[in-house]
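Spelled out from the first residue to the last, the chains are:
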Amino acid sequence: MADGKEPKQKKSQATMAKKEKEKEEFQLQICNSMTQQKEVFTPKVPGKVGMYVCGVTAYDFSHLGHARAAVNFDVLYRYLQHLGYEVTYVRNFTDVDDKIIRRANESGENPLTLSNRFCQEYIVDMNDLQCLVPTHQPRVSDHMEQIKDMITQIINKDCAYVVDGDVFFAVEMFPNYGKLSGQKVENHRAGERVAIDSRKRNPADFALWKAAKPGEPSWDSPWGPGRPGWHIECSAMSAHYLSFKFDIHGGGIDLIFPHHENEIAQSCAACQESNVSYWMHNGHVTNNNEKMSKSLGNFFTIRQITERYHPLPLRYFLINAHYRSPLNYSVLRLEHASSELFYIYQTLSDCEDVLSSFQGSIKDGTKQNVKPARITAEAQGCIRELHNEFHTKMSDDLNTSHILTGAFREALKFANNTLKKLKTAKQQQLSLVQSLFEVEREVKEVLKILGLLPPCTYAEVLQQLKDKALKRAELVEVHLLNVIKERAEARKNKDFTKTDQIRTELEAKGIALMDIGTETIWRPCLPTQYKQEAQQPDEQEQAPRLSKEEQKVLPKVGLTSSPELPF
Ligand SMILES: [Zn+2]
């Protein structure tokens, strides 16, 4: 053991065995949009997962809907890794598209320069939201060969035809068309809003390749210069990175039809054995219970939100509902998320302070030949409950709704009570210290899997949260400290009308004062108006209004707004 390799190997074997046990105990179930059933997750290759998620069309800053999809699939990515899977995660960038070209022509910019700029902005947003970098982030402009190869294969199978430099997919050649969305070819009215292209054999046929028009970027192809249609890129890039058979394909619910339906048709036409085991779709973000969309002008970009709120509360807000339920944008919920995370990080910061003073006494029981002090029965209960509740919910189709309540809350309460006990303890209480250490570790594990552990020190993240609260309150800290001084003076003079008035005014702005002895400290809190709103029935539970068209297109899955999902 002199080289130290053996214990490391033994530890990794022990970790693997623990993960295997966890995987069996908390069998992951995923709601498959294809079958509309919750199914036990079984990867095609044991221990490995291939996952493809449709990314953004990069022509503008990304909005809350994009953030939701990215965060939800990031949670899945992290959880699969936590369960011990080796995951290949692919998320694409659409950098060649009508919208990009239109926007670039308006500003006189090169379309690829414009889309590259917004790809970079998206990466900044993803980093802020603590989404892990996917294994691959392919762009259309880098995969023209794969796209053209696939179109050639589809033409060779007689499932596509060429007209004047355009290539169309012939939906009638694919009898399973509509299997994912429940749409029938004969019901498809491609020409309802736009004039039907008379060159199409069937109105439902869609473009695989578009012949170049003046002023558009184009690439050479066997059918003449042009560019790919939107759907083909995901078929070509998923096959390139994950083969035709892989485990999970995800995206927002609005991609089910026509995008994912068309992807299935293309992939199966190019390779009969094409198969995705699980199709997963996240719900819309709504505003006043209407779908957030650019056309309605009722959307918020990620940047607009992170101007006022720290990105971690935004991430928490997005996770705090089941990914298939609609999520209504709510300032109350963002305020609540900010306040919750402040409490969580403050508790962890206090734990860290106290535990650092007992450093020599704490033992890490996960290490070999280390025997820590016995932890209390209460701490054991806390850890067991938190571990079981968290894994049970996560394995139940990633049920992250209210994930940081229940046993998680109890664990924080335990930590705060233990901190109090340790402060007043007359003698060193090893068992309590060890209990605090182990409960804190479980809490941090949960936050890590959810991507909510801060990337900096607790002191730093707490200050950042305070800075955002000050910004929302339109206050500067120096002024606030002066007001606190003024209040301390009033307190000394027993002018309680004034002290109360200052406190009330600040609370209305989301600043809470706490008197500790003669000193007063401040922390962010829910502004008074939202405290009142929080008493109202939960707006989140109201069903969103879906247009007739959406009702027709979207299958049952994911449309429920009830916290109790139908399967
Ligand atoms: Zn896609």
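Here the structure is shown first, and the text comes after it.
Every value quoted in this text rests on a predicted model; they were computed, and no experiment measured them. (Residues numbered from 1 in each chain as written. Predicted model: local features only at pLDDT ≥ 70, side-chain atom pairs only at ≥ 80, totals over all residues.)

Draft legend 1. The overall build of the protein, seen in detail. Counting secondary structure elements, the protein contains 18 helices and 15 strands. Sorting the 567 residues of the protein into buried and exposed places 40% on the buried side. Across the protein, every contact between residues at least 6 apart in sequence was considered, and the portion connecting residues at least 24 apart equals 75%. (Helix = DSSP H or I, 4+ residues; strand = E, 2+ residues; numbered from the N terminus. Buried ≥ 20, exposed ≤ 12 C-beta atoms within 10 Å, placed from the backbone. Contact = placed C-beta atoms within 7 Å.)

Draft legend 2. Structural context of the sheet that holds strand β4 (residues 86–91). Taken together, four strands build an open sheet; the order of strands is β4-β3-β9-β10 and the sheet is parallel. Of all strands in the sheet, those with a lone pairing partner are β4 and β10 (275–282), marking the two edges. Direction aside, the axes of adjacent strands within the sheet are offset by 20° on average. Of the strand pairs in this sheet, strand β3 (residues 48–53) and strand β9 (residues 245–252) are connected by three bridges, and their pairing is parallel. Across the sheet, the residue bridging to Met51 is Ile248, located in β9. Each of β3, β4 and β9 touches helix α6 (residues 232–242); the most contacted strand, β4, lies at about 155° to it. (Pairing = 2+ DSSP bridges. Axes fitted to C-alpha atoms, helices over the stretch in contact; angles between N-to-C directions.)

Draft legend 3. Inspection of the environment of Cys159 at higher detail. Structurally, the position occupied by Cys159 is in the loop between α5 (144–156) and β5 (160–163). Judged by local crowding, Cys159 falls into the buried class, with 21 C-beta atoms found within 10 Å. In this view, Cys159 contacts Ile154, Phe169, Ala170, Met173, Phe174 and Ala269; residues no more than four positions away in its chain are not counted.

Draft legend 4. Representation of the nonpolar core in the model. Core analysis: the largest hydrophobic core is formed by 135 residues, its most contacted members being Ile151, Ile154, Ala160, Phe169, Leu208 and Ala411. With 10 residues, the single largest contributor to this core is helix α2 (residues 64–82). In contact with Leu208, not counting residues within four places along its chain, are Ile151, Ile154, Ala160, Val167, Phe168, Phe169, Gly229 and Ile232. (Core = buried A, V, L, I, M, F, W, Y, C linked by C-beta atoms within 7 Å.)

Draft legend 5. Expanded view of the sheet that holds strand β8 (residues 226–228). The strand order across the open sheet built from four strands is β5-β6-β7-β8, with neighbouring strands paired in antiparallel fashion. Each edge of the sheet is formed by a strand with only one pairing partner; in this case those strands are β5 and β8. Strand-to-strand twist in this sheet, taken as the mean axis angle between neighbours without regard to direction, amounts to 20°. Bridging between β5 and strand β6 (residues 166–169) involves four bridges; their strand directions are antiparallel. For Val162, the partnering residue across the bridge sits in β6 and is Val167.

Draft legend 6. Spotlight on the packing of helix α12 (residues 406–424) against helix α13 (residues 430–450). Relative to each other, α12 and α13 sit at 150°, their axes nearing to 10 Å. Judged by the angle between their axes, α12 and α13 are roughly antiparallel. The handedness of the crossing between α12 and α13 comes out as left-handed. Note on element contacts: α13 touches α12 through Leu432, Val433, Ser435, Leu436, Val439, Glu440, Glu442, Val443 and Val446, opposite Phe408, Ala411, Leu412, Phe414, Ala415, Thr418, Lys421 and Leu422. Here the contact of α12 with α13 is composed, by residue class, of 12 nonpolar, two polar and three charged. (Parallel < 35°, antiparallel > 145°, perpendicular 65-115°, else oblique. Left-handed = near helix turned anticlockwise from the far one by under 90°. Nonpolar A, V, L, I, M, F, W, Y, C, P; charged D, E, K, R; others polar.)

Draft legend 7. Representation of the pairing of strand β1 (residues 29–32) within the structure. As paired elements, β1 and strand β2 (residues 37–40) share four bridges and run antiparallel to each other. Counted as the bridge partner of Asn32 is Gln37 from β2. A loop of four residues connects β1 with β2, the two strands running antiparallel in sequence, and Gln36 in this loop sits at a positive phi of about 55°.

Draft legend 8. Structural detail: unusual backbone geometry. The residue after Phe257, namely Pro258, is reached through a cis peptide bond having omega 0°. Turning to its location among the elements, Pro258 is positioned in helix α7 (residues 256–270). In this structure, Gln130 is a non-glycine residue whose phi angle is positive, near 60°. Non-glycine residue Ser243 carries a positive phi angle of around 75°. For Ser243, a count of 14 C-beta atoms within 10 Å gives the class partly exposed.

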